[in-house]
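Survey of secondary and tertiary structure
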Amino acid sequence: MNLSYTDSASRTSEFPHPKMSADSMEIDDSLYSRQRYVLGDSAMQQMAQSSVFLSGMGGLGVEIAKNIVLAGVKVLTLHDTKQCETWDLGSNFFLRQDDVLTQRNRALAVHPRVAELNPYVHVDTSSSSLDLSTDLSFLKRYQCVILTEARLSLQKKINDFCHFHQPPIRFIGCDAYGICVRVFCDFGDQFEVSDPTGEEAKEMFIQNITQGNPGVVTCMDSRTHGLQTGQSVLFREVNGMDTLNGTARQVTVLSPYSFTVGDTSCLQPYAHGGFFLLVKTPRTYSFETMEQQLSQPQVLTPDFSKPEAPLQIHAAMLALDAFQEQHNRLPNIGCCQDAEVLVKLTEEVNHTLTTRAPVNSELVRCLSRTAQGFLPPLSAAVGGIASQEVLKALTGKFAPLQQWFYLDAIEVVKPLQSLSAEEFSPRGDRYDGLRVCIGETMCLELHKLRVFMVGCGAIGCEMLKNFALLGVGLAKSSGEVCVTDPDLIEKSNLNRQFLFRSQHIQKPKSTTAAVATLEINPEMQVDAHLNKVCPATEGVYNDLFYSRLHLVVTALDNVEARRYVDSRSVSNQKALLDSGTMGTKGHTEIIVPNLTESYNSHRDPPEEEIPFCTLKSFPAVIEHTIQWARDKFESAFAHKPTIYNMFWQTHSSAEAVLQRMQQRETLEGAFQVVKLLSRRPSQWDHCIILARLKFDKYFKRKALQLLHSFPLDTRLKDGSLFWQSPKRPPSPIEFDLKDSLHFSFVVSAARLYAEIYNIPYSEKDLSQEAVSRMLSEITVPEYRPAEKRIETDENVKKPDQMKLSVSSEEEREAIAQLEEAISADHVTPERLRMSPRMFEKDDDLNGHMDFVAAASSLRARMYSIEVADRLKTKRIAGKIIPAIATATAAVAGLVSLELVKVVGGYGFESFNNCFFNLAIPVMVLTEAAPVKRTQIREDISFSIWDRWTVWGHQHFSLSDFINAVLVHYGIESTMVLTVLYYRCIMG
């Protein structure tokens, strides 16, 4: 039997379909930039040449489809034989009521909505039967096959076909039954992974290398190396023991700061300097078929408080497979007889397993009761995990899952077991699948929920999807989801923020997402705002606003905003659900009043700052040169023009400023502003001249001055060389117009100067010929060394240029410059205004990244530092957080499971925080952190959640307050630090 296909994949002018070739493919950075930092270009290109077959368009299948289409495979075939039912609306976010009314095939129904996620991906469909009699030869065209909603017997048959095909077709089986989910992976006998962890190799500087067998390497400044025994490192720039340079040596870890590298006894003694890098070594993984794995499964353990749970779920789900084979159905909802049959089957199955754990009867009965049901957040979580395995299968990037992953949500249903069977009975609406799991009462509580979500980016979109499927905030139940985000949609958002399309670019995120959410579930009430949540908007998000809420959700990308929202949630006694991702890593944190600590209860160590002297004079690694270039951009094209405008807005008359300067009056910033005015270019060629002089200043004179102040043979007081690792001596760069990097710096800098000074230029002015002609007429002043102090103390902070003292000579010079400008009639309203440029990394036409990339690369050359490509430079300069849809989907699913527990008022032991890294892969579920209580005396204690209310009256004094505290609590107050607020009740 052959499968038939339909194809109507959409194309738009926004994303012209790229030409695929076996060797290379141009990657659309404006769309994929955040994902490129996760996967790398090689993996992206492999993925864009891969075809995937996905069967089953239920909630789990459509979740996987969404994630891999966003990632950018070449071809995806959606397969399903079932028709849309009302039940499906509660699990499949791409189905609509019309699809149910017309009884459309599920694959055909979701196809247009899946296809429009990424027009680079060709999406087709199949609705032919797929069973034990199907000819599987059609699968040869695919690199990966994913089955959902398939019987175990069919999974085993297709897995065998894929495993023994040459080359192997990567196989993934996924199932979601009520509170239990599983993922199985088989990528063949020999699956090579190019980069198991995906962690970027960092340069680590060396303090010492001993001569011996083995030689011991010690890291500089007690920095931890992060190595593991058996890994290899590559040495560079070592002085003395030169023969190590360029060689890779296997390490044996001695401590976090030292390791051995084999025999160094015959090498020359170590002198100084050098660094090492971790060498990425490919690793080969071996997989067994599903049939081989059933009795002795390799499982990932996500919850170490329940180490036996994966094997217990394994046995229970195999028993469920057997139940379906025997009865051709799933256990009936709330049927005790079916539950006992499943328990008995589980015991029988468990007895046949080589690797097993004691049967968990409670888990099995919960599985039996909920097997026909569906928990959308659980499928979102496992869908994210399974999707990442698909990407691994196609690219060989990151360590694959070996070979089973199991997860349960028994904590969600445990407290509900005493409810009557009617609670879980279907009612013929979209919530039937959810109702089977959590009951009617809990569904109604979700409908009434009033949620405030801060942020509407990638996590925000995923959370809104989960809210829609859970029925959170329905209008008919007086519920509401209020979402706020001040940002507009950019093209790079479309790779992860799946509620947005190309036609939404430059529209507000919150309002656009609200409309898209109502398409998933029209019964919701969504109120979209465009505000930041910060002290400035406390008039909007005041105590009265919070008093109407049940729950706060953060979908933010920075710590400070999280801290602020947390403080408001704590002060208003509201639960907070926080989550975040970085690349393939994700975390969730659940904050519940009176049960857990808050987000602000713990603080991560502050990010390590690059010392000022390192940035200014002694860069050691590429990150230093990129940050220096970014700082130069900020100073020249944003900060100085802003200060200039503010100065002339405050001092509108140049004559008045001159008079005050002549009277020796101190005007903050006057010296710098007058210098900018006097040197202000007035035409394009002046901008070219200014850029050329900056090149000489940054990349020649700076080096010459450093070498004048610190000659190469300079020694410190202890006799050691000044220029030794991590300090690198600079080499002056002579300007060469034929060097593309030199040309790029001059042109990009000139463009930016022209823009801040409002000077027009044409495309012709940017040509090599025009620039060369202008540069040939420039005479660059000869360098003369200055006797000035160069800062070498790493503890000294960057001085404020506006507050630096000015010498009397500099004052006289500034006065003369201003007098000359006034007399030459150069002080016009136009010349007293500049146009600051805010750094925008994602616009390749504005020249911002051209300047930063060229400046950073030239400085790296000057200090003999390996130059970074534009992509890496953009990530560091733009402080871009790597991101991928798989991790976002997983983290939003996990935190939405906790939402159900919060709404149910569950006890502390029910809540889980989570950390995962889908690359390794690892997932760790832990208990939430319990709230800490401070004991005042035996009968009185308090926590961050406690509020002691003292009711006063119109003439209530501080003395009255102290007396009231003494009377009510027996505490004698010696100091009142802060009075938060008075609540006045007026008659």
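Here the structure is a predicted model, which is why all the values come from computation and not from measurement. (Residues numbered from 1 in each chain as written. Predicted model: local features only at pLDDT ≥ 70, side-chain atom pairs only at ≥ 80, totals over all residues. Heavy atoms only, no water.)

1. Here we look at the sheet that holds strand β20 (residues 480-484)
Note the threshold: One bridge is not enough; two strands pair if DSSP finds at least two bridges between them. Here a helix means four or more residues in a row that DSSP labels H or I, a strand means two or more in a row labelled E, and each is numbered from the N terminus. Each axis is a line fitted through C-alpha atoms, and for a helix only the stretch in contact is used; angles between axes span 0 to 180 degrees, taken between their N-to-C directions. Any two residues whose heavy atoms approach within 4.5 Å at even a single point are treated as in contact.
The mixed open sheet is built from eight strands, whose spatial order is β21-β20-β19-β22-β23-β24-β25-β26. Two strands bound the open sheet, and with one partner strand each, they are β21 (526-529) and β26 (922-927). For this sheet the average axis-to-axis angle between neighbouring strands, irrespective of direction, equals 15°. Along the sheet face, helix α28 (residues 885-903) touches β22 (551-554), β23 (575-582), β24 (585-591), β25 (912-917) and β26 and points at about 165° away from the line of β23.

2. Considerations on the packing of helix α19 (residues 622-650) against helix α21 (residues 670-678)
Rules: Oblique is the label for every angle not falling under 35 degrees (roughly parallel), over 145 degrees (roughly antiparallel), or within 65 to 115 degrees (roughly perpendicular).
At a minimum axis separation of 10 Å, α19 and α21 run at an interaxial angle of 105°. Considering the angle they form, α19 stands roughly perpendicular to α21. Contact residues: K640, I643, Y644, F647 and W648 in α19; A670, V673, L676 and L677 in α21.

3. Let's talk about the side chain of D485
For the record, the criterion: Between buried and exposed lies partly exposed: a residue is buried under 20% and exposed over 50% of the maximum accessible area for its type, with that area taken using a 1.4 Å probe on protein chains only. By the counting scheme adopted, Arg and Lys are positive, Glu and Asp are negative, and His together with the chain ends is not counted. Should a side-chain nitrogen of Lys or Arg be within 4 Å of a carboxyl oxygen of Asp or Glu, the pair is scored as a salt bridge. Any N or O atom pair separated by 3.5 Å or less is treated as a polar contact, with the protein-specific requirement of one donor-capable and one acceptor-capable atom, and with residues adjacent in sequence counted only for side-chain atom pairs.
Take D485: it is sitting in the loop between β20 and α15 (509-520). Buried charge D485 goes without a salt bridge, the closest partner of opposite sign being K509 at 5.1 Å. Among the polar contacts listed, one links the side chain of D485 to the backbone nitrogen of C456, at a separation of 2.7 Å. Apart from the residues within four sequence positions on either side, D485 is in contact with G455, C456, G457, K509, S510, H529, L530 and N531.

4. A look at the sheet that holds strand β12 (residues 248-250)
Strands sit in the order β12-β11-β15-β9-β10-β14-β13 across an open sheet of seven strands; the sheet is antiparallel. Bordering the open sheet on either side are β12 and β13 (252-255), each of which pairs with just one other strand. The average undirected angle you get between the axes of adjacent strands in this sheet is 40°. In the sheet, β13 pairs with strand β14 (residues 258-260) via three bridges, with the strands oriented antiparallel. Paired with T252 across the strands is T260, a residue of β14.

5. Some details on the packing of aromatic side chains
Heads up, the condition is: For Phe, Tyr and Trp, where Trp contributes only its six-membered ring, two rings pair if their centres lie within 6.5 Å, and the inter-plane angle classes them as stacked under 30 degrees, edge-to-face over 60, or tilted in between. Any Lys NZ or Arg CZ that is within 6 Å of a ring centre and within 35 degrees of that ring's normal is treated as a charge sitting over the ring.
Applying the stated rule across the entire model yields 42 aromatic pairs. The interplanar angle of 85° and the centroid separation of 6.2 Å between the aromatic rings of F452 and Y546 together place this pair among those described as edge-to-face. Placement of F452 in strand β19 (residues 450-454) and of Y546 in helix α16 (residues 543-547) is noted, with a sequence separation of 94 residues between them. Residues F452 and Y546 agree in their burial class; the two are buried. By the ring-pair criterion, three or more aromatic residues cluster together here, those being W628, F633, F637, F695, Y698, F699, F735, F745, Y753, F839 and F851. Here the guanidinium or amino end of K66 rests over the ring plane of F498, the centre of that ring lying 5.0 Å away.

6. Re the pattern of salt bridges
Counting across every chain of the model gives 54 salt bridges. Taking the shortest distance from any N to any O, the salt bridge between E149 and K82 comes out at 3.4 Å. Highlighted residues: E149 in the loop between β5 (144-148) and α6 (152-164) and K82 in the loop between β3 (75-79) and α4 (97-101), separated in sequence by 67 residues. Residue E898 is joined to K901 by a salt bridge in which the shortest nitrogen-to-oxygen separation is 3.0 Å. Of this pair, E898 and K901 both sit in helix α28, three residues apart, which is roughly one turn of that helix. Its relative accessible area of 4% is what places E898 among the buried residues. Take K901: its relative accessible area is 3%, and that puts it in the buried class. By sharing partners, the salt bridges in this structure join D29, R34, R36, D41, D842 and K874 into a single network.

7. Quick word on the UniProt feature "domain: THIF-type NAD/FAD binding fold" (unreviewed entry) in the protein
Rules: UniProt positions are given in the numbering used here, feature names are shortened, and annotations may be inferred rather than shown by experiment.
Look at the UniProt record and you will see "domain: THIF-type NAD/FAD binding fold" (unreviewed entry) annotated at residues 32-397 and 438-926. Across residues 32-397 one finds 34% helix and 20% strand; the C-alpha atoms that close the span lie 17 Å apart.

8. Quick look at unusual backbone geometry
With an omega of 10°, the peptide bond running from S725 to P726 counts as cis. Secondary-structure assignment places P726 in the loop between α22 (684-709) and α23 (740-756). Going from I920 to P921, the amide bond is cis rather than trans, its omega being -10°. Inspection of the secondary structure assignment puts P921 in the loop between β25 and β26. Of note in this structure, E149 is not a glycine but carries a positive phi near 55°. A positive phi angle is found at N328, which is not glycine, with a value near 55°. Counting through the fold element by element, N328 comes out in the loop between α8 (309-327) and α9 (336-352).

9. Section: the packing of helix α3 (residues 59-71) against α28
Operational definition: Only Asp, Glu, Lys and Arg are considered charged in this grouping, and only Ala, Val, Leu, Ile, Met, Phe, Trp, Tyr, Cys and Pro are considered nonpolar; every other residue, Gly among them, is considered polar.
Close contact between α3 and α28 brings their axes to 9 Å; oriented N to C, the two are set at 150°. If you check the angle between α3 and α28, you find them roughly antiparallel. Touching E63, K66, N67 and L70 of α3 are A885, T886 and A889, all from α28. The residue makeup of the contact of α3 with α28, split by class, is three nonpolar, two polar and two charged.

10. Quick word on the environment of N846
Turning to its location among the elements, N846 is positioned in the loop between α25 (808-823) and α26 (848-862). The exposure class of N846 is buried, given its relative accessible area of 13%. Each C-alpha atom, one on N846 and one on R751, is 8.8 Å from the other, the two residues being 95 residues apart in sequence. Once residues within four sequence positions are removed from consideration, N846 is found in contact with R751, L752, E755 and E840.

11. Some points on helix α20 (residues 654-662)
Worth spelling out the cut-off: Arc definition: directions from the helix axis to the C-beta atoms.
For α20, the full list of buried residues reads A654, V657, L658 and M661. The arc enclosing the buried residues of α20, seen along the axis, measures out at 100°, which places them on a common side. Contacts made by the buried residues of α20 are with α19, α21 and α25. Within two residues after α20, R664 carries a phi angle of roughly 65°, on the positive side.

12. Looking at the nonpolar core
Our working rule: As used in this record, nonpolar core signifies buried Ala, Val, Leu, Ile, Met, Phe, Trp, Tyr and Cys residues forming a set joined through side-chain atoms within 4.5 Å.
By size, the foremost hydrophobic cluster in this structure holds 176 residues, and its most contacted members are L76, L78, I146, I158, I438, F467 and L899. Looking at this core, the element that brings in the most residues is α28, giving twelve residues. What I158 contacts, discounting residues up to four positions off in sequence, is L130, L136, L139, V145, L147 and F171.

13. Section: a positive patch on the surface
Worth spelling out the cut-off: In this analysis, a patch consists of residues with relative accessible area above 30% that form no salt bridge, clustered at 9 Å for like charges and at 5 Å for the nonpolar side chains Val, Leu, Ile, Met, Phe, Trp and Tyr. A 1.4 Å probe and the Shrake-Rupley method give the accessible areas. Residues count as covered only by the protein chains that appear here. For this purpose, a charge sits on NZ of Lys, CZ of Arg, CG of Asp or CD of Glu.
Residues K616, K640, K675, R679, K697, K788 and K798 make up a contiguous surface patch of positive charge. If you trace the backbone, K616 turns up in helix α18 (residues 612-616).

14. Focus: the side chain of T264
Within the fold, T264 resides in the loop between β14 and β15 (275-279). For T264, the side chain forms a polar contact with the main-chain oxygen of T210, separated by 2.7 Å.

15. Re a nonpolar patch on the surface
On the surface, I936, F942 and W948 cluster together to form a nonpolar patch covering roughly 270 Å² of accessible area. Checked against the element boundaries, W948 lands in the loop between β28 (940-942) and α29 (958-969).

16. Points about the pairing of β3
Note the cut-off: Here, the term right-handed applies to a crossover whose path from the first strand over the helix to the second runs clockwise when the strands point away from the viewer.
Burial of β3 is extensive: five of the five residues sit out of reach of the surface. Of the two faces of β3, the one lined by V75, T77 and H79 and the one lined by L76 and L78 are each fully buried. Both strand β2 (residues 51-55) and β3 contribute to a ladder of five bridges, which runs parallel. Looking across to β3, one finds that S51 is bridged to V75. With respect to chirality, the unit in which β2 leads through α3 into the neighbouring parallel β3 is right-handed. The pairing of β3 with strand β4 (residues 122-126) spans five bridges and is classified as parallel. Bridged to T77 within β4 is D124.

17. As for the environment of Q190
Within the secondary structure, Q190 is located in the loop between β7 (180-186) and β8 (191-193). C-alpha separation for the pair Q190 and L690, spaced 500 residues apart in sequence, amounts to 59 Å.

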